[in-house]
Amino acid sequence: IFDTREDKEIGCWELIVVTYDEPGLFMNIAGVLAINNINILSADLNVFKNNIVVDVLRVSNPPDPLFAKEFWDKVAHDLGQVMSGRLSLDYRLSLKKQKSSYLSGPKVQDQKPEVTIDNNSSDFYTVTEVIANDRVGLLYDIGATLLNLRLNIVFAKIATHKDQVADIFYVLNAQSEKIWDPDQEQEIRMALLSRLFCP
């Protein structure tokens, strides 16, 4: 299920994705939105025990409100193309990043990226918090890094305020356990920081 509705009161759109979970799903959703010039303002990501994913994202408005349906149909089509291996997000996002760097105006004050890994806040999951400046493909890069480390995102809270993000991911390792190994925690932290500093 891919459904959208306009929230005129808040001035954004709500995007609902219901599907079976698979590795990289969140990363791919974030990447498809990025290549279509849609910013994720906030999101609630949930994976249930029956392996069903329910993602509710609040996102920026389509470029042309008169053709909103056609635009969201294209986004849904692009997501299907990505999930079937017919569209490369790495390639498309690299083009967008190049274009963005040419057109970028004065930058906001830099937020030095921060990554915190916490095993005490949740009884069942390792909580990974990322604070950084927003940019094209940021959530895709975070999702790709977690996927490469074979971490499963079970729940997440995404929040973007002006040009900065504060994202919290509840993750498990490949054995569906919390990450207790200090060396693995350090590897996760450094891998994320490396991706955040060098997109």
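Throughout, residues of each chain are indexed from 1 in the direction in which the sequence is written. Only residues with pLDDT of at least 70 get local features here, since the model is predicted, and only at 80 or more are side-chain atom pairs given and counted; chain-wide, interface and lining totals rely on the full set of residues. Derived side-chain values reflect all non-hydrogen atoms in the structure, with water molecules and hydrogen atoms excluded from consideration.

A. Representation of the sheet that holds strand β8 (residues 164–172). By definition, two strands form a pair when at least two bridges between them are found by DSSP. Numbering goes from the N terminus for both helices and strands, where a helix is a DSSP run of H or I of at least four residues and a strand is a run of E of at least two. Strand order in the open sheet formed by eight strands is β1-β2-β4-β3-β7-β8-β6-β5, and the pairing between neighbours is antiparallel. Across the chains shown, the open sheet's two edge strands, defined by having one partner strand only, are β1 (2–7) and β5 (114–118). Taken over all neighbouring pairs, the strand axes of this sheet differ in orientation by 15° on average, direction set aside. Pairing analysis gives five bridges linking strand β3 (residues 40–47) to strand β7 (residues 152–161), with the strands arranged antiparallel. Its bridge partner being in β7, S42 is matched across the sheet by A159. Contacts are residue-level and defined by heavy atoms, with any inter-residue pair within 4.5 Å sufficient. Inter-axis angles, ranging from 0 to 180 degrees, are taken between N-to-C directions of lines fitted to C-alpha atoms, where helices are fitted over the stretch in contact. The strands touched by helix α1 (residues 25–35) within the sheet are β2 (12–20), β3, β4 (52–59), β7 and β8, with β4 carrying the most contacts at an inclination of about 30°.

B. Structural context of the environment of Q81. For Q81, the location among the structural elements is in helix α2 (residues 68–83). For every residue, the accessible area obtained with a 1.4 Å probe (protein chains only) is divided by the maximum for its type, and the residue is called buried under 20%, exposed over 50%, and partly exposed between those limits. Of the residues examined, Q81 reaches a relative accessible area of 22% and is grouped as partly exposed. With 49 residues separating them along the chain, Q81 and V32 place their C-alpha atoms 9.8 Å apart. For Q81, the residues in contact, after removing those within four places along its chain, are R86 and L87.

C. Representation of the pattern of salt bridges in the model. Every case where a carboxyl oxygen of Asp or Glu lies within 4 Å of a side-chain nitrogen of Lys or Arg is listed as a salt bridge. Applying the stated criterion to the full structure yields nine salt bridges. The salt bridge partner of R135 is D141, with a shortest N-O separation of 2.8 Å. The class for R135 is partly exposed, based on a relative accessible area of 23%. Residue classification places D141 among the buried residues on the basis of a relative accessible area of 2%. Ionic pairing is found between R195 and D141, a salt bridge with its closest N-O pair at 3.1 Å.

D. View of unusual backbone geometry. Of note in this structure, R150 is not a glycine but carries a positive phi near 60°. Positionally, R150 belongs in the loop between α4 (138–148) and β7.

E. Structural detail: the side chain of T160. Positionally, T160 belongs in strand β7. Counting of polar contacts relies on pairs of N or O atoms within 3.5 Å, with two restrictions inside protein: one atom must be capable of donating a hydrogen and the other of accepting it, and residues adjacent in sequence are counted only when both atoms are side-chain atoms. Side-chain polar atoms of T160 contact the backbone oxygen of I40, separated by 2.9 Å.

F. How the structure looks around the nonpolar core. Core analysis: the biggest nonpolar cluster contains 49 residues, and L33, I40, W72, I142 and F169 have the highest contact counts within it. If we skip the residues at most four places from it in the chain, L33 touches L15, I38, I40, L57, V59, W72 and V75. Take the buried Ala, Val, Leu, Ile, Met, Phe, Trp, Tyr and Cys residues and link them wherever side-chain atoms come within 4.5 Å; each set so joined is a nonpolar core.

G. Main features of α2. Helix span is expected to be 1.5 Å times the residue number reduced by one. With 16 residues, α2 should reach 22 Å at 1.5 Å per residue; the first-to-last C-alpha distance of 23 Å fits that figure. Those residues of α2 not exposed but buried are A68, F71, W72, V75, D78, L79 and V82. When α2 is viewed along its axis, its buried side chains cluster within an angular range of 115° and face the same direction. One or two steps after α2, the chain reaches G85, where phi turns positive at roughly 80°. The arc under discussion is defined with respect to the helix axis, by the directions toward the C-beta atoms.

H. Focus on α1. With 11 of 11 residues buried, α1 is to be regarded as a mostly interior element. Among the residues of α1, L25, F26, M27, N28, I29, A30, G31, V32, L33, A34 and I35 are the ones counted as buried. At the C-terminal side of α1, N37 shows a positive phi close to 60°.

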